[in-house]
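# Notes for the structure review
What follows is the residue order along each chain.
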Amino acid sequence: VTLPVGRMVPWWCRGALAALVLLGPEIAADRPEDIEGSSVESTFDFSQVSFAQPVADDDFEDAFYESSQSPEFVRAEEPDPSDGSCCSVQDETALRACANKTSPIGACNDPPLVMVVSHAPRSIHYAAATAAMNAMWSADRGYPFVLDEREPAQWISSRVEVIPHWLRRCRAEGIEWMLWLDSDAFLLAQEDNFNQVRKAIRKYSDSNTQIMLTREVDSFLDPRAPWDDGNVGVMLLRCSEWTLSLIERVRRECLAEQKQDEDTLERLLYTEEYEAQGMLKRMPPQALNSMGHNQIFGPNASLQAVIHLNDMPFEIRNHTIYAAFRAHCDLPPGSQVNFTVLKAAFDSSTFSLASQDFREAGTSRWAFYMARRLKEQKRFQETEDLLRWAVDGLRTEIGEQKVDTLFGKSVLAKFLGSINRTEESLELFQNAVAMGIKVLGAHNPVMIEWHEILATLLQSQGRLSEAAGSLRQVVRGLRRWKEEVKVRLIAEKLRLVLLLNGTSFVPGVDELINETASNLPDAIDSIARQRLVKANEKSSKFILENNLNQAENALKRGLEKASLVLPITDADLLATRLNLGALKQRTGRWEEALIEFEEVYQVQASTLGPEHRDSIATSKAIVQIELGTGQNQLHVRYTNAMHKLSAATNRFLERTKWTHGRDDKSVSNLLAAIQKAEPKLGKHSQGVLKAKFSVAAALAHQGRSKEAFPVWRTVLQDQLRYLGPFHQDTLESLRETLLWIYQEGT
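It should be emphasised that the depicted structure is a prediction, and the values quoted were computed from it without experimental measurement.

Counting through the fold element by element, V337 comes out in the loop between α11 (314-329) and α12 (339-361). With a relative accessible area of 6%, V337 lands in the buried category. Each C-alpha atom, one on V337 and one on S302, is 7.9 Å from the other, the two residues being 35 residues apart in sequence.

The predicted model of the protein has a mean per-residue pLDDT of 80, with 82% of residues at 70 or higher. The element-level mean pLDDT for the protein is lowest in helix α2 (residues 25-29), coming to 32, with strand β3 (residues 177-181) highest at 95. Within the model, pLDDT remains below 50 along residues 1-78, and this stretch shows 158 contacts once partners closer than five positions in the same chain are excluded. Per-residue pLDDT stays below 50 along residues 219-227; that stretch engages in 14 contacts with residues further than four places along the chain or on separate chains.

The next thing to look at is the packing of aromatic side chains. Taken as a whole and judged by the stated rule, the model has 16 aromatic pairs. When the centroid spacing of 6.5 Å and the interplanar angle of 70 degrees are considered together, the rings of F429 and W450 count as edge-to-face. Of the two residues, F429 sits in helix α16 (residues 422-439) while W450 sits in helix α17 (residues 445-460), which places them 21 residues apart along the sequence. The same class applies to F429 as to W450, namely buried. Ring geometry for F709 against W712: centres 5.8 Å apart, planes inclined by 70 degrees, an arrangement best described as edge-to-face. Of this pair, F709 and W712 both sit in helix α29 (residues 705-723), 3 residues apart, roughly one helical turn. Ring-pair connections join several aromatic residues into one group, and the members of that group are F368, F407, F429, W450 and Y742.

Burial analysis of β3 places 5 of its 5 residues in the buried class, which makes it a mostly covered element. Of the two faces of β3, both are covered, the one formed by W177, L179 and L181 as well as the one formed by M178 and W180. Where strand β1 (residues 114-119) meets β3, 5 bridges bridge the pair, whose relative direction is parallel. When the bridges of β3 are listed, V114 appears paired with W177. By the bridge criterion, 5 bridges tie β3 to strand β6 (residues 234-238) in an arrangement that is antiparallel. Bridged to W180 within β6 is M235.

Attention now moves to the packing of helix α24 (residues 590-607) against helix α25 (residues 613-629). As a packed pair, α24 and α25 sit with axes 9 Å apart at the nearest point and diverge in direction by 160 degrees. Of the possible angle classes, the one that applies to α24 and α25 is roughly antiparallel. As α24 packs across α25, the resulting crossing turns out to be left-handed. Where α24 abuts α25, its residues W590, A593, L594, F597, E598, V600, Y601, Q604 and A605 lie against D614, S615, T618, S619, A621, I622, I625, G628 and T629. Of the residues contributing to the contact of α24 with α25, the split by class is 10 nonpolar, 6 polar and 2 charged.

Our focus in this paragraph is helix α4 (residues 127-141). Spanning 15 residues, α4 covers 21 Å between terminal C-alpha atoms, matching the ideal 21 Å at 1.5 Å per step. Counting buried positions along α4 gives 13 out of 15 residues, so the element sits mostly inside the fold. G142 sits one or two positions beyond α4 and adopts a positive phi of about 75 degrees.

This part is about unusual backbone geometry. In the Ramachandran plot, K482 falls in the positive-phi region, its phi being about 60 degrees despite a non-glycine side chain. As for its position among the elements, K482 is in the loop between α18 (464-480) and α19 (484-500). The class for K482 is exposed, based on a relative accessible area of 67%. Even without being glycine, N546 reaches a positive phi, approximately 60 degrees. Tracing the sequence through the fold places N546 in the loop between α21 (523-544) and α22 (548-562).

Relative to the assigned elements, K375 resides in helix α13 (residues 365-376). In this structure the C-alpha to C-alpha distance between K375 and F415, which are 40 residues apart in sequence, comes to 8.4 Å. Excluding residues that lie within four positions of it along the chain, K375 makes contacts with F380, T383, F415 and S418.

This paragraph deals with the state of the cysteines. Enumeration over the complete set of coordinates arrives at 3 disulfides. Disulfide pairing is shown between C87 and C329; the S-S distance is 2.0 Å. Looking along the S-S bond of the C87-C329 disulfide, the torsion reads about -85 degrees, which is the left-handed sense. Of this pair, C87 sits in the loop between α2 and α3 (92-102) while C329 sits in helix α11, and the two are 242 residues apart along the sequence. Accessibility classification places C87 together with C329 in one group, the buried group. Across the disulfide from C170 sits C239; the S-S distance is 1.9 Å.

Let us look at the packing of helix α23 (residues 571-586) against α24. Contact pair α23 / α24: the axes reach a minimum separation of 7 Å and the direction vectors enclose 160 degrees. In terms of orientation, α23 lies roughly antiparallel with respect to α24. Between α23 and α24 lies a crossing of left-handed hand. Between α23 and α24, the contacting residues are L574, R577, L578, L580, G581, A582, K584 and Q585 on the first element and W590, E592, A593, E596, F597, E599, V600, V603 and Q604 on the second. Residue composition of the contact of α23 with α24, grouped by class: 9 nonpolar, 3 polar and 5 charged.

This part takes up the sheet that holds β6. Here 6 strands make up an open sheet; going across it, the order is β2-β1-β3-β6-β5-β7 and the pairing mixed. The open sheet has two edge strands with one neighbour each: β2 (145-148) and β7 (280-283). Direction aside, the axes of adjacent strands within the sheet are offset by 20 degrees on average. Seen against the sheet, α4 touches β1, β2 and β3 and runs at an angle of roughly 165 degrees to β2.

Cut-offs applied
- Here the residue index of a chain counts from 1 through its sequence in written order.
- In keeping with the model being predicted, local features are shown solely for residues with a pLDDT of at least 70 and side-chain atom pairs are shown and tallied solely at 80 or more, while totals for entire chains, interfaces and linings include all residues.
- As a convention, hydrogens and water are excluded, and side-chain values are obtained from all of the structure's heavy atoms.
- Helix and strand labels come from DSSP, where a helix needs a run of H or I of at least four residues and a strand needs a run of E of at least two; each type is numbered from the N terminus.
- Classification of residues uses two cut-offs on accessible area relative to the type maximum, computed with a 1.4 Å probe and protein chains only: under 20% is buried, over 50% is exposed, and between them is partly exposed.
- Across the chain, each position has a pLDDT score giving the predictor's confidence in that residue, from 0 to 100.
- Contact criterion: two residues are considered in contact whenever any of their non-hydrogen atoms come within 4.5 Å of each other.
- Only the six-membered ring of Trp is used, alongside the rings of Phe and Tyr, when aromatic pairs are assigned; centres must lie within 6.5 Å, and planes under 30 degrees apart are stacked while those over 60 apart are edge-to-face, with the rest tilted.
- A pair of strands is labelled paired if DSSP reports no fewer than 2 bridges between them.
- Interaxial angle, 0 to 180 degrees, is taken between N-to-C directions of lines fitted to C-alpha atoms, where a helix line uses only the stretch in contact.
- Roughly parallel covers angles under 35 degrees, roughly antiparallel covers those over 145, roughly perpendicular covers 65 to 115, and oblique covers all other angles.
- Working rule for handedness: look at the near helix, and if it is turned counterclockwise from the far one by less than a right angle, call the crossing left-handed; if clockwise, right-handed.
- Charged residues are taken to be Asp, Glu, Lys and Arg, nonpolar residues to be Ala, Val, Leu, Ile, Met, Phe, Trp, Tyr, Cys and Pro, and polar residues to be all remaining types, Gly included.
- Expected helix span is taken as 1.5 Å per residue step, with the number of steps being one fewer than the number of residues.
- For the purposes of this analysis, a disulfide is any pair of cysteine sulfur atoms at a distance within 2.5 Å.

Pasting the structure below:
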């Protein structure tokens, strides 16, 4: 394949064709007969992908997966799996039929230890391949296998609608355990003498054990949800009356509360303390399965019984599962699956999805997700290539000075620093810090972290005076956030740097802290306040000249810059906002003036109290607007609208916590609530921005990047601009952006 070279071609096309060539032309053709992925190459050499070499726009091909919509399948002649294999089957319908016949219940005289149940609704295409692999694995070990293809009435209860029936059936058959597998979980071909399922049951259960789950690795745990420490997509359930009663209870409660069944089950397991009572056993990670890419790339991955590709987009799951199916079928009898094939399929589909996301949404979490995984495997050159490709895309699609691009640069800079490429890392961090002060604000927690890293890099290069300057910024920032323990640690570093630099007199740590971060406003705060003073002076001058538009613009510019430095509760900032509201009132824009006054009042009432003289003065200004418009109860209506939107957002967050907004009705309901609230609260009010970010996050988790990321990006920038970097909602949005897209904790 000859690839044309030229800078006019969109950056996101670079390397995509090479990826598809490595995958094989049959996959890119997207023909129905190739759905099982038989043409997947055994290796995907990421280092061969050129990120600098563009290809023509019409050559870009990202469709080597089936559509997620369910087509009408023509039922093929059902094969006879007399050899216990479904490998000769050519279409999805026949694959499901083969799975159903391969290892039926009652084929053995003695009750087996386990019955395997695979839930594979017909709307999920890759479930045909997982069902076939699970059936063949079960047949090899003499376990009965069941394929349940029923579409759930509601997806929130998809498991608990099905499980009770099979618990009753396995009890009737005298089978002790049921292995439940979600549609994206498949049993791994292993050597004949190795049975990890049986080993896990014998090692971790006793006569009292009713449910067995695999624990998540520590990095996946959320301290806010301690019950979320088990993967319910792969469960060993004892076929007992106790387990049946528990699952029936979960079904009733999840439907009554309209919550995901896994959420309800995990909460019950935690709150009822079943682990302490011995009914629940949580096995170590990889005892049976584990999370995400650790299934394939984690240590001892081949020793797991189950690969469960949960939390992966459809495209990655589909491609990797069909590659696993072909790998299973290509094995000599009684041997272990070739993990190289699974790794290649995972790599190639992840990179293709990242390319698609960049093209459609300007960024992609999958590029940074893949980079983190490559780094964990010490594939450093490939990590660097991928991160440079992503940063190039962010610059091109979004812009040099946008928040996304700054975060991308910081990820690349941290990586280069971690492999001792200090000079390159330093250059990137200096650029990110210079831009970040303007975009994020000097005392933003992200900027504090970057200044600390910059100081370390400067010190390693012998630039001690500059390192000391960065550390002083960190001390000021941490003092702003009242992080006194960290302030002292950084001050000790600063003192050491000053001593190494040969400073004639270096005070003790306490004196150094007081000198660096005194009670007086630091230089940046002082500049911000001076700007506000000048903005108000300019505005007053323009008002005297009856130039009201210029007066308003002067106040807006002053607020925009000062909001990045001063907290939203700052008295000078609030006074300037009140002046802006008064100006809007003077020009007859009563609703805009009311919103400005109300937002100031909400801050004053929550920090100073409603009886404070400043709060009372703002309340009087609101009454003046009511008198001027002849409308009573405007303040009450504003407060009610704010509470309604807040309640709607909280309901949305609770209901979509596990579904990530897959219920389109929930998304549309919140969008309707936002639309109603905007005229009363303003487009940039705290409640409206929080609700919009919640919708964007749900769409992003849904894989709808094209819709999600533009909203996500706009809301975060508006929160920085209108709420400031010190507001809790802004901090939450920054944290979510860094963790979810850039795989970074801060």
